Amino acid sequence: MEKGTLVEFRNQGDRRLGVVDRPDGKSRWIVVDQLGQSSSLAPRQFTYEVVGQTYKLSEIPDFLQQVESYLDPSSLEVAWELLVEDGTSVTPKEMANLLFSQTEPAQVYAAHCLLSDDKIYFKQKGDSYEPRSAAAVAERKHQLEVEALKAKGQQEFLARVEQALGGEAVEWQKYDRHRIEALEKYAALLADVIRDKVNYDSLARAYPPPAQVLETMTMLERTATPQGAFQLLVDLGWWSPHENYFLRRSSILVQFPSKVIDVAHQRLNSPPPDPDQNRLDLTHLKVYTIDDETTREIDDGLSWEMLPDNREKLWVHIADPTRWLVPEDELDLDARKRGSTVYLPTGMIPMFPEILATGPMSLVQGEICCALSFGIILDETGGVEDYSIHASLIKTTYRLTYEDVNDILESGIPQEPEIAALGKWAKIRKTWRYKQGAISISMPEATIKVKDDEVNIELLDDSPSRQLVAEMMILAGEVAARYGKTHNIPLPFRGQPQPELPPSEELLLLPAGFVRACAMRRCMPKSEMSISPLRHAGLGLETYTQATSPIRRYSDLLTHFQIKAHLRGETPPFSADQLKEVMMNVTSITQEVVMVERQTNRYWALEYLRRHVDKAWDTTVLMWLREDSNLALILLEDLGLQLPMFFKRAVDLGEEILVKVIHADPQKDEIKFQEIIYQEV
């Protein structure tokens, strides 16, 4: 190759022109480019050679200036129209002659630049370029338009992101939402840190970012990991710093479809015919509902009645949502998909639209309500002597809180003898169940509430009022199951196998109280569901089903559908096989609900402790998790929380110690305690 030959080559994708200076070995050349930089290149690296004359380095700018005047990409379309019909291929020199009627080096190089940069009309074949077909050109133009729109959308998205990051209000577009939804889905993988006990680095390796997430994070110069996506969503104000990614990672339905809301309004405005035309009128009874003050779905009420023969009758009234729906309708199928109401520290996600769940489906004080009422007579020991079940009409007399009932029971208000009678029978009933083998495991429980970013944890007291309600609900469940068993009705029966508890002598070796209860709890088998009656060992009942929360638990609603149909003399809507299939699906959903509730409660428990790192907590060592490494489960008695702790000394089960939090990170599910040891001065 002659010295001074002008050649084109690529440097990191950029087009460069350079002058050949001298050989470099046998097969390479030293080329000095327009910037004065020298490169050692092989001939195969040259993308074009300007023929016809040699050049000096100083002449390159003038040459490029000549070329620039010919670089009009639109001129290629004219050439393409002339050549496409015959499919004639052209060289850069031939194209220069066609476009410019000249074939000087500058015009030929300009034709080369136009052809090599063209993405629409021509494609290279060796040293020539052939015109694309009309269909191919149309497709290429469409692709470029799409790419241009995408690029424009990206720039506009970046502008809106900058606005949001600057704290300005942003009107996000539909295209933005697709990006953000992809980020949300990826960020929700953080739930796996807790669910699957993986660390952040392992999570990012196990789940590389999808293409759209990678593109977005790269545009914004952020790390494309689940935690990076989470932080971006928080910075944009799209997510709260405490966004519930457990819920987002789940399949739990949060919003109601518009069609379901429409049906709910229709039922509210135009109630369907009541299938139970002959409801038993019990509006003469004094009915008490007993709940927490914040409860809005009121699904059970209690009454006491003295019969003419001086026997006492207990009434458990359960809200009747089946009055407002039928099996397989829009409301029923949506509730089936949800499985149950979801209770989270930040609020609840109801199983039915709230306009129904907290309105006509609930036992609203002062209003005549439809109910399923269980009338029960107990014998003197607490066993069921007689019972009846009725589709009924009731009128709630008093809406009471647990605290109200505790006060009535304690003071013995003469105007409310019904409460005293209910309390008396609840105690008798509890004693009876324990004689039947019921197992009592008393461990502190707490509720966590979050409102206006304030976290509160309250212990649930095992008060007489709560015991009263619990016993009445268990009683109604036994009666419903007895009815199903007697009449051979498929129901979602619940049972629990007999646990294999440690021998008494072994239990006595453990400290009494929480440690012993914890050891017993570990031996309790999981409850089971079946379409056939089962013994429930934990409750001490030969047969049992849940029937008292049909607004909040779909399995309870199934019990209502089945029993109410039988009471009307109709065939229950679900055969044994159908019920079994529905129960399997609902059980799978409710297991996920329970998991999300537990994960969310744990998150906020750790967040509460993170905010109280200076506080000292009284704790009890409950059990060993890994005794060889001094890892134990401790109980924070004031909060009812059970959490792991490593000890730096030997401790005994049941030992009471004082601890403080030294590290808490709810996102990573990390908690570390340190024992507080006061030394005598």
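Please read all numbers here as calculations on a predicted model, not as lab measurements.

1. Structural notes on the overall build of the protein
Move 1: Scanning the protein from N- to C-terminus turns up 21 helices and 24 strands.
Move 2: Its C-alpha radius of gyration of 38 Å places the protein more than 25% over the 26 Å reference for a compact globule of 681 residues.
Move 3: Across its three principal directions, the C-alpha atoms of the protein cover 125 × 80 × 45 Å.
Move 4: Across the 681 residues of the protein, 47% fall into the buried class.
Move 5: Carbon and sulfur atoms provide 49% of the accessible area of the protein, an area that totals close to 34,800 Å².
Move 6: Charge separation in the protein, taken as the distance between the mean sites of 75 positive and 104 negative side-chain charges, equals 3 Å.

2. So, the sheet that holds strand S22 (residues 641-646)
Move 1: As summarised here, the arrangement of the 5 strands in space is S22-S21-S20-S23-S24, forming an open sheet in which the pairing is antiparallel. Strands at the two margins of the open sheet, each flanked by one partner only, are S22 and strand S24 (670-675). Ignoring strand direction, the axes of neighbouring strands in this sheet form an average angle of 45°.
Move 2: As judged from the 6 bridges shared by strand S21 (residues 631-636) and S22, these two strands associate in the antiparallel manner. Each residue of the ladder has a partner; that of leucine 633, found in S22, is proline 644.
Move 3: Taken strand by strand, helix H19 (residues 514-521) contacts strand S20 (617-626), S21 and S22, and its axis lies near 35° from that of S20.
Move 4: Of the strands in this sheet, S20, S21, S22, strand S23 (656-665) and S24 touch helix H21 (residues 576-610), which is tilted by about 65° from S22.

3. Topic: the pattern of salt bridges
Move 1: Summed over all chains, the structure comprises 48 salt bridges.
Move 2: One salt bridge in this structure joins aspartate 192 and arginine 249, with 3.0 Å as the shortest N-O distance. Taken together, the positions of aspartate 192 in helix H7 (residues 191-195) and arginine 249 in helix H11 (residues 245-249) put the pair 57 residues apart, joining distant regions of the chain.
Move 3: Glutamate 478 is the partner of arginine 482 in a salt bridge, and the nearest nitrogen-oxygen pair spans 3.4 Å.

4. Let's talk about the side chain of threonine 396
Move 1: Along the chain, threonine 396 turns up in strand S15 (residues 384-401).
Move 2: Note on threonine 396: relative accessible area 2%, which makes it buried.
Move 3: Those residues within four positions of threonine 396 in sequence are excluded, and the remaining contacts are Val287, Thr289, Leu363, Val364, Gln365, Gly366 and Glu367.

5. As for the pairing of S15
Across a regular strand the side chains alternate sides, sitting on one face of the sheet and then on the other.
Move 1: Pairing geometry for strand S8 (residues 280-281) and S15, over 2 bridges, is parallel. Bridge assignment links leucine 280 to a residue of S15, and that residue is serine 392.
Move 2: Two strands pair when backbone bridges link them, and strand S9 (residues 287-291) and S15 are joined in this way by 5 bridges, in the parallel orientation. Of the residues in S15, the one forming a bridge with aspartate 291 is threonine 401.
Move 3: Two successive antiparallel strands, strand S14 (residues 368-378) and S15, enclose a turn made up of 5 residues, where glycine 382 displays a positive phi of approximately 110°.

6. Side note on the packing of helix H15 (residues 402-411) against helix H17 (residues 464-486)
Move 1: The interhelical angle for the contact between H15 and H17, taken along N-to-C directions, is 105°, at an axis separation of 8 Å. Between H15 and H17, the crossing angle belongs to the class labelled roughly perpendicular. Seen from H15, the contacting residues are Tyr402, Val405, Asn406 and Leu409; seen from H17, they are Pro464, Ser465, Arg466, Leu468 and Val469.
Move 2: Across the contact of H15 with H17, the residue classes break down as 6 nonpolar, 2 polar and 1 charged.

7. Side note on a nonpolar patch on the surface
Move 1: On the surface, a nonpolar cluster with roughly 280 Å² of combined accessible area is contributed by Val78, Leu82 and Leu98.
Move 2: Turning to its location among the elements, leucine 98 is positioned in helix H3 (residues 92-100).
Move 3: Leucine 98 sits in the partly exposed class, given a relative accessible area of 37%.

8. Some details on the side chain of lysine 564
Move 1: With respect to the helices, strands and loops of the structure, lysine 564 is situated in helix H20 (residues 554-567).
Move 2: For lysine 564, a relative accessible area of 2% gives the class buried.
Move 3: Of note is the side chain of lysine 564, whose polar atom sits 2.7 Å from the side chain of aspartate 320.

9. Notes on helix H6 (residues 174-187)
Move 1: An ideal rise of 1.5 Å per residue puts 20 Å on 14 residues; H6 measures up with 20 Å between its terminal C-alpha atoms.
Move 2: If you check which residues of H6 are buried, you get Asp176, Arg179, Ile180, Ala182, Leu183, Glu184, Tyr186 and Ala187.
Move 3: On its buried side, H6 packs onto helix H5 (134-165), helix H9 (211-219), helix H10 (226-235) and H11.

10. Thoughts on the nonpolar core
Move 1: Core analysis: the largest hydrophobic core is formed by 66 residues, its most contacted members being Leu609 and Phe673.
Move 2: Considering each element in turn, this core owes the most residues, 8 residues, to H21.
Move 3: Within the second largest apolar cluster, 37 residues are counted, among which are Val405, Ala421, Val469 and Met472.

11. Topic: the UniProt feature "domain: RNB" (unreviewed entry) in the protein
Move 1: The feature "domain: RNB" (unreviewed entry), as annotated in UniProt, sits at residues 279-569 in this numbering.
Move 2: Note that residues 279-569 is 32% helix and 26% strand, and that its end C-alpha atoms are spaced 14 Å apart.

12. Some details on the confidence of the model for the protein
Keep in mind that low pLDDT regions are not for reading the predicted coordinates in detail.
Move 1: Across the protein, the average pLDDT comes to 93, with 99% of residues at or above 70.
Move 2: Confidence scores differ between elements of the protein, with helix H8 (residues 200-206) showing the lowest mean pLDDT of 76 and strand S11 (residues 312-319) the highest of 98.

13. Digging into the pairing of strand S3 (residues 28-33)
Move 1: For S3, the tally of buried residues reaches 5 of 6 residues, placing the bulk of the element in the interior.
Move 2: Strand direction decides the pairing type here: strand S2 (residues 14-24) and S3, joined by 6 bridges, are antiparallel. Residue pairing for S3: valine 19 is matched across the bridge by valine 32.
Move 3: The turn linking S2 back onto S3 is made up of 3 residues, and glycine 25 within it adopts a positive phi angle of 80°.
Move 4: Where S3 and strand S4 (residues 38-41) come together, 4 bridges link them in antiparallel fashion. The residue of S4 that forms the bridge with tryptophan 29 is leucine 41.
Move 5: Between S3 and S4, which follow one another and run antiparallel, lie 4 residues, and glycine 36 among them has a positive phi close to 85°.

14. Quick word on the environment of glutamate 416
Move 1: Turning to its location among the elements, glutamate 416 is positioned in the loop between H15 and helix H16 (417-435).
Move 2: Each C-alpha atom of the pair glutamate 416 and glycine 654 lies 43 Å from the other, and the pair is 238 residues apart in sequence.
Move 3: Excluding anything up to four places from it in sequence, glutamate 416 contacts Lys286, Tyr288, Tyr398 and Ile408.
Move 4: Of the polar contacts made by the side chain of glutamate 416, one reaches the side chain of tyrosine 288; its length is 2.4 Å.

15. Thoughts on the sheet that holds S3
Move 1: Reading across from one edge, S4-S3-S2-S1-S5 is the order of the 5 strands in this open sheet, with antiparallel pairing throughout. The outermost strands of the open sheet, each flanked by one partner alone, are S4 and strand S5 (46-50). Across the sheet, the mean angle separating the axes of adjacent strands is 40° when strand polarity is ignored.
Move 2: Packed on one face of the sheet, helix H1 (residues 60-68) meets strand S1 (6-11), S2 and S5 and runs near 145° to S2.

Conventions and cut-offs
- Here the residue index of a chain counts from 1 through its sequence in written order.
- For this predicted model, a pLDDT threshold of at least 70 governs which residues receive local features, and a threshold of 80 or more governs which side-chain atom pairs are given and counted, while totals over whole chains, interfaces and linings are taken from all residues.
- Side-chain calculation: all heavy atoms of the structure are included, whereas hydrogens and water are not.
- Numbering of helices and strands runs from the N terminus, with a helix taken as a DSSP run of H or I at least four residues long and a strand as a DSSP run of E at least two residues long.
- Based on C-alpha atoms, the radius of gyration is set beside the globule rule, defined as 2.2 Å times the residue count to the power 0.38.
- For every residue, the accessible area obtained with a 1.4 Å probe (protein chains only) is divided by the maximum for its type, and the residue is called buried under 20%, exposed over 50%, and partly exposed between those limits.
- Surface exposure here means Shrake-Rupley accessible area, sampled with a 1.4 Å probe, where a residue is shielded only by the protein chains that are shown.
- When charges are counted, neither His nor the chain ends are considered; positive counts come from Lys and Arg and negative counts from Asp and Glu.
- The location of each charge is read from NZ of Lys, CZ of Arg, CG of Asp or CD of Glu.
- Only strands that DSSP links by at least two bridges are regarded as paired with each other.
- Each axis is a line fitted through C-alpha atoms, taken for helices only over the stretch in contact, and angles between the N-to-C directions span 0 to 180 degrees.
- What makes two residues a contact is simply this: any of their non-hydrogen atoms within 4.5 Å.
- Here, a salt bridge means any Lys or Arg side-chain nitrogen found within 4 Å of an Asp or Glu carboxyl oxygen.
- Roughly parallel means an angle under 35 degrees; roughly antiparallel, over 145; roughly perpendicular, 65 to 115; everything else is oblique.
- Classification used: nonpolar for Ala, Val, Leu, Ile, Met, Phe, Trp, Tyr, Cys and Pro, charged for Asp, Glu, Lys and Arg, polar for all others including Gly.
- What goes into a patch is any residue over 30% in relative accessible area without a salt bridge, connected to like charges within 9 Å or, for nonpolar side chains (Val, Leu, Ile, Met, Phe, Trp, Tyr), within 5 Å.
- Under this definition, polar contacts are N or O atom pairs within 3.5 Å; protein pairs additionally need one hydrogen-donor-capable and one acceptor-capable atom, and for neighbouring residues in sequence, both atoms have to be side-chain atoms.
- The span expected for a helix works out to 1.5 Å for each residue beyond the first.
- Nonpolar cores are built from buried Ala, Val, Leu, Ile, Met, Phe, Trp, Tyr and Cys residues. Side-chain atoms within 4.5 Å join them into one set.
- UniProt positions are given in the numbering used here, feature names are shortened, and annotations may be inferred rather than shown by experiment.
- Confidence of the predictor at the level of single residues is captured by pLDDT, which takes values from 0 to 100.

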